[in-house]
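The chain contents come next:
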Amino acid sequence: MQRRTFLNTTLGAAVLALTGCGGGDSTVAATPASTDATSATAIAALSTQLDALPPSDLSATEASALVFMREEEKLARDVYQLYASSKPILTPDAKVKC
């Protein structure tokens, strides 16, 4: 019982921590992915523009943001692993009740 309480508390805390880590501009609308010819042309144009940019070092802000994202992804991995270990996924021998 104590282990279950610990797991639920840890999972809840991790979810709260992850939801507070969003950051960024929430007013930017996400563009759905597409595989049509227009998207392929846009990707090719973007690739050309990026190739034309000279390489440069990361600023301190960019480096800090990358470190933060890495730590956030590691936390997410740990939460997923903890949750997966506490909630068994259906196995082939599991019986589904309808």
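Residues numbered from 1 in each chain as written. Predicted model: local features only at pLDDT ≥ 70, side-chain atom pairs only at ≥ 80, totals over all residues. Heavy atoms only, no water.

Engineer: Where do I start with the overall build of the protein chain in this structure?
Structural biologist: Secondary structure assignment for the protein chain yields three helices and zero strands. Among the 98 residues that make up the protein chain, the fraction classed as buried is 7%. Surface exposure of the protein chain reaches about 8,900 Å², of which carbon and sulfur atoms provide 63%. (Helix = DSSP H or I, 4+ residues; strand = E, 2+ residues; numbered from the N terminus. Buried < 20%, exposed > 50% of the residue type's maximum accessible area, 1.4 Å probe, protein only. Areas by Shrake-Rupley, 256 points an atom, 1.4 Å probe, with all protein chains shown as cover.)

Engineer: Please clarify how a nonpolar patch on the surface should be interpreted in this entry.
Structural biologist: Taken together, the side chains of Leu58, Leu66, Phe68 and Met69 present a nonpolar region at the surface, about 400 Å² in accessible area. Within the element layout of this structure, Phe68 appears in helix 3 (residues 60-86). (Patch = residues over 30% accessible without salt bridge, like charges linked within 9 Å, V, L, I, M, F, W, Y side chains within 5 Å. Salt bridge = Lys/Arg side-chain N within 4 Å of Asp/Glu carboxyl O.)

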